[in-house]
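Each chain is listed here by its residues.
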Amino acid sequence: MKRSQFLKRILTGLAVSAAYIVAGKLSLRLASVHPSVSPVWPPTGIAIAALLMLGRRFWPSIFAGAFIVNVTTAGSVASSLGIALGNTLEAVVATSLVTRFANGRHVFEKSWDVLRFALYAVMSTALAATIGVTSLTMSGFASWNQYGLNWRTWWLGDAAGALIFAPFLLLWTLNSRPKWSKKQILEASALFICTLLTAGIVFGPVFHAQIRNDPWTFLCTPFLVWAAFRFGPREASAVICVLCTMEVVGTVHGYGPFVRKSPNDSLLLLQSFIGLQALMILIFAAEVSERQRQEERVKRLAVSDPLTGLANYRVLLERIGMEIKRYQRNGRPFSVVLLDLDGLKKINDTHGHVVGSAALCRLAEVLYVSCRDIDTPARYGGDEFALVLPEISAEYARKVAQRISQRLAEDAEVPRLTVSVGVAEYPRDGLTIEHLLSAADRTLYEIKLRAASSSRALSSS
């Protein structure tokens, strides 16, 4: 097992290095101010996402990838080692800060964590730019007069790479299988097609003459908002990456509103715009997703008991009402079972309220496994529980109750649990919800009184 895990780690590390090398070599094809300085640098996002997902122990993969990219491009072994050191420290520092202060790999779930990620990415990429440009300059492969230009290009390229590509890789690695309905699949397809068409218009050759001097820069923004609002951070990050790719290709070929005299200035302006846009959209998507999670939590609390997770009293009444209406349509009776946990007060007094709460949860688990999918287990209140059994007679409902009692008796956990049971059948025992529950409650307490009388008789004898 250890050998297979070691081999898996080696292969994973090699895959990370290969991805870094391929992305780095492609990015350096866009370099214009210096062969080793590119205004577009996705490897930063790859490195940060890899260390967040796999752990900081994979830093040698980043170091090896960065070294190979630079030693095969320009400079010496010494300058390439310095650049690789800066790129590795960049990823390690950003990952450490995100893990410590921004919820780690789940950084894009909350808006404040997204802001922290952006801050740490900007800080760490400045470190890489400083070490990298200094290594090139001190080795004689770059001029001190160009230090400011090289540093700015390096820093903005790395920062944009972190903001654009790290969210995409991290979010889609954590959850690569979207659970979409057919309607959502159609909407996602429409979003993707509209995004491609719009980006093709703005950054393509067809309308280049009209767009170049018109304020069409923000025409793609509504599709980012659409993805963030209707889907979430994961899908928004994918749209950001698609737009970034098309915008870079278009700008390199001289199309779109970001084209300037210098290719480097064009790409820096584009990357700055996309990076800020990505940050704002990710914050918006995280805020929308967080609000949706809160709404879902409120809905769950409105229909479930917070301790046991069973349906609450409100849902119990609704289900009984639904079964009454069903009976009026098909004429099939149903049953309600009330269960009272015996001696809960004694358990609380002897073992404490934590054990008492655990006892309630143990009974709830037994109810879960004893029910069909169409049955409704619910917490009636306090130490009382209820079962709604559709199309079940009182006789069969008693068998269900016996099965529950038997499972509790087989549970060896201390304290041992027992229940008193009352059963009522609709419409035999009541024609309304109140009458039906009262009949079951009456039966339950009659059984409880008989059990108490038998216990007193045994103790007196």
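A brief look at the structure comes next. Keep in mind the model is a prediction, meaning the values are calculated, not measured. (Residues numbered from 1 in each chain as written. Predicted model: local features only at pLDDT ≥ 70, side-chain atom pairs only at ≥ 80, totals over all residues. Heavy atoms only, no water.)

Considerations on the packing of helix α9 (residues 221–230) against helix α11 (residues 263–303)
Part 1: Where α9 meets α11, the axes come as close as 8 Å, and the angle between the chain directions of the two elements is 25°. When the interaxial angle is binned, α9 and α11 end up roughly parallel. For the pair α9 and α11, the crossing hand works out as right-handed. Across from T221, L224, V225, A228 and F229 in α9, the residues of α11 making contact are Q277, I281, F284, A285, V288 and Q292.
Part 2: Its residues assigned to classes, the contact of α9 with α11 comprises 8 nonpolar, 3 polar and no charged. (Axes fitted to C-alpha atoms, helices over the stretch in contact; angles between N-to-C directions. Helix = DSSP H or I, 4+ residues; strand = E, 2+ residues; numbered from the N terminus. Parallel < 35°, antiparallel > 145°, perpendicular 65-115°, else oblique. Left-handed = near helix turned anticlockwise from the far one by under 90°. Contact = heavy atoms within 4.5 Å. Nonpolar A, V, L, I, M, F, W, Y, C, P; charged D, E, K, R; others polar.)

Thoughts on a nonpolar patch on the surface
Part 1: Residues F6, L7, I10, L11 and L14 make up a contiguous nonpolar surface patch of about 530 Å² in total accessible area.
Part 2: Take L11: it is sitting in helix α1 (residues 2–28). (Patch = residues over 30% accessible without salt bridge, like charges linked within 9 Å, V, L, I, M, F, W, Y side chains within 5 Å. Areas by Shrake-Rupley, 256 points an atom, 1.4 Å probe, with all protein chains shown as cover. Salt bridge = Lys/Arg side-chain N within 4 Å of Asp/Glu carboxyl O.)

Description of empty space enclosed by the protein
Part 1: Counted under the stated rule, the structure contains 2 cavities of 30 Å³ or more.
Part 2: Within this model, the largest cavity holds a volume of roughly 70 Å³.
Part 3: S36, V37, S38, W41, N70, I83, N87, W154 and D158 together form the lining of the largest cavity.
Part 4: For the lining of the largest cavity, the secondary structure elements donating two or more residues are α4 (77–101) and α6 (147–174).
Part 5: Counted by class, the lining of the largest cavity contains 4 nonpolar, 4 polar and 1 charged residues.
Part 6: Its volume calculated, the second largest cavity comes out at about 30 Å³.
Part 7: Lining the second largest cavity are L224, I240, L243, E247, I274, Q277 and A278.
Part 8: Partitioned by chemical class, the residues of the lining of the second largest cavity number 5 nonpolar, 1 polar and 1 charged. (1 Å grid on protein atoms, 1.4 Å probe; cavity = no way out; pocket = protein on both sides within 12 Å on 5 of 7 lines; lining within 4 Å. Points joined across faces, edges and corners; volume = space filled by probe spheres on them.)

What to know about the pattern of salt bridges
Part 1: Under the counting rule described, the total for this entry stands at 13 salt bridges.
Part 2: The closest approach of N and O atoms between E318 and R314, which form a salt bridge, is 3.7 Å. In this pair, E318 and R314 are both assigned in helix α12 (residues 313–330), 4 residues apart and thus about one turn of the helix distant.
Part 3: Look at E318 and you get partly exposed, because its relative accessible area is 42%.
Part 4: A salt bridge links K345 to D349, with the shortest nitrogen-to-oxygen separation between them at 3.0 Å. Of this pair, K345 and D349 both sit in helix α13 (residues 344–351), 4 residues apart, which is roughly one turn of that helix. Take K345 and D349: they sit in the same class, and that class is exposed.
Part 5: If you follow the salt bridges from partner to partner, you end up with R362, D411 and E413 in one network. (Buried < 20%, exposed > 50% of the residue type's maximum accessible area, 1.4 Å probe, protein only.)

Digging into the layout of surface pockets
Part 1: Empty space within the largest pocket amounts to approximately 640 Å³.
Part 2: Broken down by secondary-structure element, the contributors of at least two residues to the lining of the largest pocket are α6, α10 (233–252) and α11.
Part 3: At 4 residues, α11 tops the list of elements feeding residues into the lining of the largest pocket.
Part 4: When grouped by side-chain class, the residues that make up the lining of the largest pocket number 7 nonpolar, 6 polar and 9 charged.
Part 5: The volume enclosed by the second largest pocket comes to roughly 340 Å³.
Part 6: As for the second largest pocket, its lining consists of 14 residues, of which L30, V40, T245, V248 and V249 are closest to the centre.
Part 7: Counting only elements with at least two residues in the lining of the second largest pocket, the list comes to α1 and α10.
Part 8: The element that contributes the greatest number of residues to the lining of the second largest pocket is α10, accounting for 5 residues.

Structural notes on the packing of aromatic side chains
Part 1: Inspection of every chain in the model, using the stated rule, returns 14 aromatic pairs.
Part 2: When the centroid spacing of 5.3 Å and the interplanar angle of 85° are considered together, the rings of Y327 and Y426 count as edge-to-face. Here the residue Y327 occupies a position in helix α12, and Y426 occupies one in strand β4 (residues 419–426), the gap between them amounting to 99 residues.
Part 3: What makes Y327 partly exposed here is its relative accessible area of 24%.
Part 4: Y426 sits in the buried class, given a relative accessible area of 5%.
Part 5: On the basis of an interplanar angle of 20° and a centroid distance of 5.2 Å, the ring pair of F334 and Y426 is categorised as stacked. Of the two residues, F334 sits in strand β1 (residues 334–341) while Y426 sits in strand β4, which places them 92 residues apart along the sequence. The pair formed by F334 and Y426 is uniform in burial state, with each residue classed as buried.
Part 6: Linked through ring pairs, F203, F258 and F273 together constitute an aromatic cluster.
Part 7: Over the aromatic face of W172 sits the side chain of R234, whose NZ or CZ is 4.9 Å from the ring centroid. (Phe/Tyr/Trp six-rings, centres within 6.5 Å; stacked < 30°, edge-to-face > 60°. Lys NZ or Arg CZ within 6 Å of the ring centre and 35° of its normal.)

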